[in-house]
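Architecture at a glance
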Amino acid sequence: MPDPSPAAELIEAFTNTVDLESGDDDVATPAELAAWLTGRSLAQPPLALTEDEHAAFLTLRAGIREALDTDDPVEPQRLALADAVLADVPVLVTLGTPGAPLAPASGGPSARTALARLAVAWVEVVLTGHIHRLKRCAEHTCGWVFWDSSKNHSRRWCSMRVCGNRTKSRRYATRQRDLAG
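The paragraphs below set out a description of the structure included in this document. Only a predicted model underlies this, so the values are computations on that prediction, with no experimental measurement involved.

Here we come to the nonpolar core. In this structure, L37, L49, F57 and L60 are the most contacted members of the largest nonpolar core, which totals 35 residues. At the level of elements, α1 (6-15), α2 (30-39), α3 (51-67), α4 (76-87), α5 (110-127) and β4 (145-147) are the ones that each hand at least two residues to this core. Examining the composition of this core, we find that 9 residues originate from one element, α5, more than from any other. For L49, the residues in contact, after removing those within four places along its chain, are P30, L33, A34, L37, F57 and A111. Membership of the second largest hydrophobic core comes to 6 residues, among which are C137, A138, C142 and W157.

Right, let's get into the packing of α1 against α5. Helix packing geometry: the angle between the two helix axes and the distance between the axes. α5 packs onto α1 with a crossing angle of 120° between their chain directions and a minimal axis gap of 8 Å. If you check the angle between α1 and α5, you find them oblique. The handedness of the crossing between α1 and α5 comes out as left-handed. Residues A7, A8, L10, I11 and F14 of α1 form the contact with α5, whose own contacting residues are R117, L118, A121, W122, E124 and V125. Residues belonging to the contact of α1 with α5 are distributed by class as follows: 9 nonpolar, no polar and 2 charged.

Definitions and cut-offs
- Residues numbered from 1 in each chain as written.
- Predicted model: local features only at pLDDT ≥ 70, side-chain atom pairs only at ≥ 80, totals over all residues.
- Heavy atoms only, no water.
- Core = buried A, V, L, I, M, F, W, Y, C linked by side-chain atoms within 4.5 Å.
- Buried < 20%, exposed > 50% of the residue type's maximum accessible area, 1.4 Å probe, protein only.
- Helix = DSSP H or I, 4+ residues; strand = E, 2+ residues; numbered from the N terminus.
- Contact = heavy atoms within 4.5 Å.
- Axes fitted to C-alpha atoms, helices over the stretch in contact; angles between N-to-C directions.
- Parallel < 35°, antiparallel > 145°, perpendicular 65-115°, else oblique.
- Left-handed = near helix turned anticlockwise from the far one by under 90°.
- Nonpolar A, V, L, I, M, F, W, Y, C, P; charged D, E, K, R; others polar.

Quick look at the structure:
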């Protein structure tokens with residue numbers, strides 16, 4: 001089973017900056033997001049993000065999470081909003097760098113360059129087929145993004161002990177109620 005690529009690891013880390021179950025968000029403020037971006041070398045310090053730039057990153061994060069494989073129905077509005085963010089991303093297509101035909105266009109604001117680096121990582125994940133291994137937990141209260149290392153790409157939960165058990169227990173209780181009622 002392949003290990004996740006650096007691009008897949010980046011997308012996984014970015015989407016998991018929010019814990020849907022607890023509501024904890026590692027990038028809840030522009031300053032926290034700036035620290036996260038500079039900590040991963042997606043932008044150069046010092047980085048000061050505006051509220052609009054911060055909102056664009058959060059919109060992209062929600063769209064990427066929505067685009068990942070899960071049993072839940074897709075919310076097209078989230079995808080459309082994320083696509084609108086990506087429409088303004090400065091990405092350069094180049095013939096001069098073998099193996100890396102896409103790169104952030106240079107010279108723009110650092111926030112836009114960081115968005116472009118996330119966009120390029122997303123494209124790499126999709127084009128390499130790693131999108132089929134990067135999944136969103138099927139437990140609707142969780143939504144954690146994980147790398148599916150199973151041989152046949154069949155893993156559904158971030159943790160069988162926690163989320164898988166919750167889902168299976170809930171289904172069992174529903175079946176028992178239906179049989180009794």
